[in-house]
Each structure stands twice: as structure tokens, then as C-alpha cells.
Amino acid sequence: MTDTTVTRWVANDRSTTWSSPDSDDAALSFHRGLEGYEPTALIALPELARELGVAAVFAKDESTRLGLPAFKALGASWAVHRALEAHQAGTDAEVVTATDGNHGRAVARFARKAGHPARIFVPAGGIHPSAVAAIRGEDAEVVEVDAGYDQTVAAAADYAAGSAGVLVQDTAWDGYEEVPGWIVDGYSTLFREIDSQLREAGHASPDLICVPTGVGSLLQAALAHYRRAEANSGQGGEGSGTAVVSVEPDSAACMGPSLAEGRPVSVETGQTIMSGLNCGTPSSLAWPLISNGLDAAVTVSETAAIEAAHRLADLGIAAGPCGAASLAGVRESLTGDDRVSRRRHLGVDSDSVIVLTITEGAEANPVPEA
């Protein structure tokens, strides 16, 4: 466990020639076949574009994803499907995971739809009571662990191994990479939708996308998409030149220290209203893409996340604190004392297009008063 002083901004001088492997459309095709599937909204926010001094700002609003208030439904639906299929699990097999919020509810939902019981481990006191109630509302068994997120993940893994449960965890470690890989593949649908929606709005690709980050699985999906070989080769032009920035709460910021050390490091975590981001260790599966493809890691305070959530609410977007962290991260990156050098590093100017990944709605995680 590394004890680090929080640095608000850590730039990563990535290689512009590095690329991730291209991926197929299997997850997207699966999602299109699900009842209730439709792309979530990409909302233009010209007021924010003026405030930030750029050409356009869009919010990818994940508050209505497949009937759930967060993007996690994309990874959970695909991974539960693949994991049950791979295990050839009978209907009595229990689906198991640990969560700091939305992932657990999504796993419980799609386990129930597949006819399986679910057992969801949560850090005691670490997530909002309404989120725990929502998980129980999916007919899942909730196990509260008197420990932080990393220890809760270990408890879920131990339980699944001892009970022949099907573990569907959204972080990877040595020997456990396949299921987290399916979760990341599921998240790719979000970025494929952004491609289509930006084209419809007359834009080729974002110049900057900001990704709220816990263990890094959604960030991995973003980097896999925007650093794929096809994009970097210039074929079709999608994604070339897109800067990707991770955003974490300053009480659980492991990406910046990991970039600074050149290896994944674990940090002590505290309490945060951004409960879905309260993770102290990067996913081992995500780390190679983060180290090679991320442009910068930024941390934000509780106050900044709350202020961003209220600003988004004024603009008609009911974002939870984790989702609002995207706006807080862009503000930290582009409007602070070091804004000139940071904008230069990210390639952002008055002609740029920015996408905010609003990962959860206020229904998933209520926003405190400012």
C-alpha cells in the first residue's frame, strides 16, 4: 500500500504511435438484442462550451441505461451472459460480485433476468443506503463487509471460490482476467454510440473525453476505443488525436501515483460521495492501456463534484457525484492556474470538442446540497 500526497494533475507523455488491438462488434450486437436497448443521449451543452472556451461540449448521459441509472449495465449484462455460458451454470448457481454501488445492482439485475440468484458484497458504510436498497430490490443477497473496497473484492472472490459461485467482478488481478475483459468489452458500446452521435452532430471525434475512474475498467474501454490500430492508422479517422483524461476523488486517487511510479500502486482510500470511484488499486488488465494510452490523471474534491452536479442539474442533466466528476475534472484540467500548459498537453483550443462521460444519474447516488 502506497501512502502518497495527492497531486491534482499528473500528465502522461504517452507514445502517439502506440495502439490497442481492434475489437469486434459482439457486445454491441448483444446489447442491441436486449429488451429496452437504445443509445443513451449525447446532449450538447453550449453554455459549458462558452465557459470552457471550446467549440462544443457534449454530455453522454448514462442515467437511463437499459432501465438502470448508470453505465454499469453495459458491462454487467454482457459479462453475466458470457460467464454463465462459460461455466455452463445451472439455474441454482449463484452470481457473485463486490461493488461500491452501480456494478452490483447491474449484476444482480442481469443475474435475475437469467434466472440466477445473486450475492453482492459491499463495503459497510461505503455506499449510499439507497444504493444498497436498490441492490436488495433486485432480489439479491447483500453481504456487508467491514472493510474497504479492495478487501470487499477479496471477500467476494473467496466466497465464490468456496461455494462454486460465478464471480463477475469488474477489476482484474493475476489469474482473473477473462470476466473483467468481458465487462470492458461491454463498455465499448458506449463509445461506439458516441462515434455515431457525434457524426450526426457534424463532428468527427472528440478532442478530449473525460472518464470518471475507479479501478479503471471504463477507462480501459475508452483507451481501447480511442487508441485502437484503425484509429491511429487514419483509416476512417475515428478517434485519432482524442485526449483521454481519468478523473478520481482526491480521497481515492491511484491513477496519478501509478503513472508517477510507472507501475500500478495501491493507495489508502477514505470516504467519498463519489462512492463508485472509491477504489485504491488499478485493475491489472487496464494498466497496460493506462500507462501507454492515457494523457493525464486528475483528481477532484468533494466540493468540486457537488458544484459540478448542481451546474449540470441547472442544464437539465441529473448527474450523480460520480457522473458529475467528469465536469469537475474538465474544469480542473482547463481552467486552473496551469491551464495554458495543460491545454497544450491535451491539444485543447477554441476549436475543440469535449465529451463528458456522465456515468451515473442522481437516482443512483443522490447529490448533497452545495
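These numbers were taken from a predicted model, which means no experiment stands behind them. (Residues numbered from 1 in each chain as written. Predicted model: local features only at pLDDT ≥ 70, side-chain atom pairs only at ≥ 80, totals over all residues. Heavy atoms only, no water.)

A.B. asks: How would you summarise the overall build of the protein if you had to cite specific residues and measurements?
C.D. replies: Check the secondary structure of the protein and you find 14 helices and 11 strands. Against the globule reference of 21 Å for 370 residues, the protein gives a C-alpha radius of gyration of 19 Å, in line with a compact fold. A buried classification covers 57% of the 370 residues belonging to the protein. Sequence separation of at least 24 residues holds for 75% of the intrachain contacts in the protein that already meet a minimum separation of 6. Here the protein has roughly 14200 Å² of accessible surface; of this, 46% comes from carbon and sulfur atoms. Counting 25 positive and 49 negative side-chain charges, the protein places the averaged centre of each group 5 Å from the other. (Helix = DSSP H or I, 4+ residues; strand = E, 2+ residues; numbered from the N terminus. Rg over C-alpha atoms; globule rule 2.2 N^0.38 Å. Buried < 20%, exposed > 50% of the residue type's maximum accessible area, 1.4 Å probe, protein only. Contact = heavy atoms within 4.5 Å. Areas by Shrake-Rupley, 256 points an atom, 1.4 Å probe, with all protein chains shown as cover. Lys, Arg positive; Asp, Glu negative; His and termini not counted. Charge placed at Lys NZ, Arg CZ, Asp CG, Glu CD.)

A.B. asks: Can you tell me about the packing of helix α12 (residues 302-314) against helix α13 (residues 321-334), naming the residues and giving the values?
C.D. replies: For the pair α12 and α13, the least separation of the axes is 7 Å and the interaxial angle reads 100 degrees. One element, α12, and the other, α13, form an angle in the roughly perpendicular class. Where α12 abuts α13, its residues A304, A305, E307, A308, A309, R311 and L312 lie against P321, A324, L327, A328 and R331. Per-class residue counts for the contact of α12 with α13 are nine nonpolar, no polar and three charged. (Axes fitted to C-alpha atoms, helices over the stretch in contact; angles between N-to-C directions. Parallel < 35°, antiparallel > 145°, perpendicular 65-115°, else oblique. Nonpolar A, V, L, I, M, F, W, Y, C, P; charged D, E, K, R; others polar.)

A.B. asks: Describe the layout of surface pockets, naming the residues involved and giving the relevant values.
C.D. replies: The computed volume of the largest pocket comes to approximately 490 Å³. Along the walls of the largest pocket sit 26 residues, with P21, D22, S23, R192 and A224 positioned nearest its centre. Breaking the lining of the largest pocket down by element, the ones donating at least two residues are α1 (26-32), α3 (72-87), α7 (178-200) and α8 (217-226). Among the elements that make up the lining of the largest pocket, the one with the highest residue count is α7 (eight residues). Grouping the amino acids of the lining of the largest pocket by side-chain chemistry returns nine nonpolar, seven polar and 10 charged. (1 Å grid on protein atoms, 1.4 Å probe; cavity = no way out; pocket = protein on both sides within 12 Å on 5 of 7 lines; lining within 4 Å. Points joined across faces, edges and corners; volume = space filled by probe spheres on them.)

A.B. asks: Quick one: what's the story with the pairing of strand β4 (residues 95-98), residue by residue and with numbers?
C.D. replies: Burial along β4 is two-sided: V95 and T97 and V96 and A98, pointing in opposite directions, are all buried. Where β4 and strand β5 (residues 118-123) come together, four bridges link them in parallel fashion. Of the residues in β5, the one forming a bridge with V96 is R119. Crossover connection from β4 via helix α4 (residues 102-113) to parallel β5: handedness right-handed. (Pairing = 2+ DSSP bridges. Right-handed = clockwise from strand over helix to strand, strands pointing away.)

A.B. asks: An account of the environment of E141 is requested, with residue identities and associated values reported.
C.D. replies: If you trace the backbone, E141 turns up in strand β6 (residues 141-145). Relative accessible area serves as the criterion here: at 44%, E141 is assigned to the partly exposed category. In the structure, E141 is positioned 26 residues away from L167 in sequence and 14 Å away in space, judged by C-alpha atoms. Dropping the residues within four chain positions of it, E141 is found in contact with A118, R119 and I120.

A.B. asks: Quick one: what's the story with the pattern of salt bridges, residue by residue and with numbers?
C.D. replies: Applying the stated criterion across every chain yields a total of 18 salt bridges. Two residues, E51 and R311, come together in a salt bridge whose shortest N-O distance is 2.4 Å. In this pair, E51 sits in helix α2 (residues 46-52) while R311 sits in helix α12, placing the two residues 260 residues apart along the sequence. The shortest N-O distance in the salt bridge between E138 and R112 comes to 2.8 Å. Placement of E138 in the loop between α5 (129-136) and β6 and of R112 in helix α4 is noted, with a sequence separation of 26 residues between them. (Salt bridge = Lys/Arg side-chain N within 4 Å of Asp/Glu carboxyl O.)

A.B. asks: Account for empty space enclosed by the protein, naming residues and giving values.
C.D. replies: Overall, the coordinates contain three cavities of 30 Å³ or more when judged by the stated rule. There is about 250 Å³ of room inside the largest cavity. Forming the boundary of the largest cavity are 25 residues, of which F71, K72, G214, G276 and L277 lie nearest the centre. Among the elements that line the lining of the largest cavity, the one with the most residues is α8, at three residues. Its boundaries defined by the atoms lining it, the second largest cavity holds a volume of some 50 Å³.

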